[in-house]
Amino acid sequence: MNAIGKILPIDGYNVVMDEQPPIDFNASLTHLYQPLIGIQAVSLYYTLFYEVDHTQQMQTHHTLMTYLNLTLDDIYRARIKLEAIGLLKTYKRRDDNRDYYTYSVQCPYSPNQFFREAMLSQLLLHHIGEQKYNELYTRYVKESYLYGEEVTADFNEVFDTIIPSAPAALNVENNNQDTESEWMDFSWIEQSLRQRFIPVEKVLHSANKKLIYQMKILYDAESVEIEKALLWALDEDNQLNQEEFKSACHDMFVSRNNGQAIRLNEKTAADPQMLMKKPSTKEEQLIHELETISPKQLLEDLSDGNHASEQDIKVVREVMTKQGLPSPVMNVLIHYVLLQSNMKLSKAYMETIAGHWSRVGLKTAKDAMNFAKQEQEKYKAAKNKPRKTNNYNNNYKKEVVPDWFNDRKKKSSKSNTDTNVSEKEQQEIEAKLQKYLNES
């Protein structure tokens, strides 16, 4: 990530801090945060931290470059890491043709709090390994069972409260209302639990919703993967074993990424002009739609707003889980297969294309649409290409063909039969698809 144009040496800054850090914050930064964000980010944190009481005067970023002996690009990269991990908030204003920044230093978690945060603790585990992780956990976390069974009285067991007025009651309800539903759509999981007669309230309470969301973000998991891991981690009493759930999410991530270990990687900065650009053409509008909606919503939209059939949803789930396609690519695949198969969602046909697209490594709706167009152009060119009938080809056709190739042809023929589409119908559908792609 390049900092050129984002910040200049003459830009001013000052540092504030609203609360004091925990007494063991040095241990947190050194042993827990540093493996995740690196030494440069931690050095920047310490520098800003000790400038809070040193001076409130505006300084330039050239001062930071001198203190840290780092380039401005390195300082910017370190800063955004601190922001992303929750150790810094940044505010910017412009005055006298110069930019001024206020850096609000945030308190790190204490070691005990850090290990209670599922996402941070899982990241640390993957970065430093299980042995070192267990050593740190044993050193810093005081297990509650060491103190005996918790018998702390609950508020409602001790106190009675007066009935508040209507406006006050509304405020209390809003303050206590779970906000996890704003993080992600749990309706798919709720439906799956109800179909299995599992009490939704027992599984999807606030703590579990938070964990589910964190694992979804951490492992970039699809809803079907989260659902599968959730069902795997439920015990006989329908209680979610959080450690088993985290392990299941991790195992699926490793399987989907061919054994690749999870790491904190910096994202490549997107072009701000492209982010601000609104879709103008029909194709851009379609791509934007396919990038933002879920496969389930796409199926319902293509059904004129009716509920997608359970069979179609099951087919999509199985293909996504098996091939690990991102949602935008899956959306293009659904669109493609429906157009190719006369609006029928053929599982065999979809699995064949999904396997191809998965091997190619398509990640976005735009990539998938461009690839589909290229394949159509190749197919059209191959059909229009005149066939040679010389002796060489005739002799080549008479050569011995391996048994495995014949078996594969039989399976391919059977797969094409399953789609219930004749060659003539297939050509008509392909012509419709080509016309659709040219118009979009």
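Note that the structure is a prediction, hence the values are computed from the model and not measured.

Engineer: Help me understand empty space enclosed by the protein, please; the structure alone is not making it clear to me.
Structural biologist: Rolling a probe over the atoms, with the probe sized like a water molecule, indicates the empty space that remains. Here the structure, examined in full by the defined rule, presents 3 cavities of 30 Å³ or more. Around the second largest cavity, the lining residues are Y219, A221, E225, I226, C249, M252, F253 and R256. Taken together, the elements giving at least two residues each to the lining of the second largest cavity come down to α13 (223-232) and α14 (242-256). Looking at which element gives the most residues to the lining of the second largest cavity, the answer is α14, with 4 residues. Split into classes, the residues belonging to the lining of the second largest cavity amount to 6 nonpolar, no polar and 2 charged.

Engineer: Got a minute to help me understand the pattern of salt bridges in this structure?
Structural biologist: It is possible for side chains bearing opposite charge to pair when their charged atoms get close. Tallied over the entire structure, the rule returns 8 salt bridges. Close ionic contact of R94 with D99 constitutes a salt bridge, the shortest N to O distance being 2.7 Å. On the basis of relative accessibility, which here comes to 11%, the residue D99 falls in the buried class. The salt bridge involving E190 is made with R194; its shortest N-O contact spans 3.9 Å.

Engineer: What's the story with the environment of A207 in this structure? I'm lost.
Structural biologist: Summarising the element assignment, A207 is placed in helix α12 (residues 206-218). Exposure remark for A207: the relative accessible area of 44% places this residue in the partly exposed category. Counting along the chain gives 35 residues from A207 to Q242, while the straight-line C-alpha distance between them is 10.0 Å.

Engineer: I'm lost on a negative patch on the surface in this one. Help?
Structural biologist: Together, D235, E236, D237 and E244 give the surface a local cluster of negative charge. For D237, the location among the structural elements is in the loop between α13 and α14.

Engineer: What's the story with the confidence of the model for the protein chain in this structure? I'm lost.
Structural biologist: For the protein chain, the average pLDDT comes to 75, and 68% of its residues sit at 70 or higher. The model gives residues 391-402 a pLDDT under 50, and that stretch makes 3 contacts with residues more than four places away or in other chains. For the stretch residues 415-419, pLDDT sits under 50, and the model shows 4 contacts to residues farther than four places along the chain or on other chains.

Engineer: When you look at the layout of surface pockets in this model, what are you seeing that I'm missing?
Structural biologist: As a volume, the second largest pocket reaches approximately 620 Å³. Along its surface, the second largest pocket is lined by 23 residues, and S121, Q122, Y133, E243 and K246 are the ones closest to its centre. For the lining of the second largest pocket, the secondary-structure elements that each account for two or more residues are α5 (111-116), α6 (118-128), α7 (130-140), α12 and α14. Taken together, the residues that form the lining of the second largest pocket break down as 8 nonpolar, 9 polar and 6 charged.

Engineer: Would you take a moment to explain the sheet that holds strand β4 (residues 98-105) for this structure?
Structural biologist: Paired through backbone hydrogen bonds, the strands of a sheet run either parallel or antiparallel to each other. The strand order β2-β1-β4-β3 describes an open sheet built from 4 strands, whose pairing is mixed. Only two strands of the sheet have a single neighbouring strand rather than two, namely β2 (59-60) and β3 (88-95). For strand β1 (residues 12-16) and β4, the ladder comprises 5 bridges, and the chain directions are parallel. Looking across to β4, one finds that G12 is bridged to Y100. Taken strand by strand, helix α2 (residues 39-49) contacts β1, β3 and β4, and its axis lies near 95° from that of β4.

Engineer: Honestly, the packing of aromatic side chains in this entry has me stumped. Any pointers?
Structural biologist: Each aromatic ring pair is summarised here by two numbers: the centre-to-centre distance and the angle between the ring planes. The final tally for this structure, using the stated rule, is 14 aromatic pairs. Centre to centre, the rings of Y101 and Y103 are 6.1 Å apart; their planes meet at 20°, and the pair counts as stacked. Neither residue differs from the other here; Y101 and Y103 are each classed as buried. Each residue in the set F25, Y45, Y46, F49 and Y50 is aromatic and connected to the rest through ring pairs, giving one cluster.

Engineer: I tried to follow the nonpolar core on my own but got confused; where do I start?
Structural biologist: Across soluble globular proteins, nonpolar side chains have a tendency to be buried as a group. Formed by 68 residues in total, the largest nonpolar core has its most connected members in I37, Y45, L48 and F245. Apart from residues no more than four positions distant in its own chain, Y45 is found in contact with M17, F25, L29, L82, L87, V105, Q106, C107 and P108. Of all hydrophobic cores here, the second largest spans 34 residues; its members include V332, I334, V337 and A368.

Quick notes on the rules
Residues numbered from 1 in each chain as written. Predicted model: local features only at pLDDT ≥ 70, side-chain atom pairs only at ≥ 80, totals over all residues. Heavy atoms only, no water. 1 Å grid on protein atoms, 1.4 Å probe; cavity = no way out; pocket = protein on both sides within 12 Å on 5 of 7 lines; lining within 4 Å. Points joined across faces, edges and corners; volume = space filled by probe spheres on them. Helix = DSSP H or I, 4+ residues; strand = E, 2+ residues; numbered from the N terminus. Nonpolar A, V, L, I, M, F, W, Y, C, P; charged D, E, K, R; others polar. Salt bridge = Lys/Arg side-chain N within 4 Å of Asp/Glu carboxyl O. Buried < 20%, exposed > 50% of the residue type's maximum accessible area, 1.4 Å probe, protein only. Patch = residues over 30% accessible without salt bridge, like charges linked within 9 Å, V, L, I, M, F, W, Y side chains within 5 Å. Areas by Shrake-Rupley, 256 points an atom, 1.4 Å probe, with all protein chains shown as cover. Lys, Arg positive; Asp, Glu negative; His and termini not counted. Charge placed at Lys NZ, Arg CZ, Asp CG, Glu CD. pLDDT = per-residue confidence, 0-100. Contact = heavy atoms within 4.5 Å. Pairing = 2+ DSSP bridges. Axes fitted to C-alpha atoms, helices over the stretch in contact; angles between N-to-C directions. Phe/Tyr/Trp six-rings, centres within 6.5 Å; stacked < 30°, edge-to-face > 60°. Core = buried A, V, L, I, M, F, W, Y, C linked by side-chain atoms within 4.5 Å.

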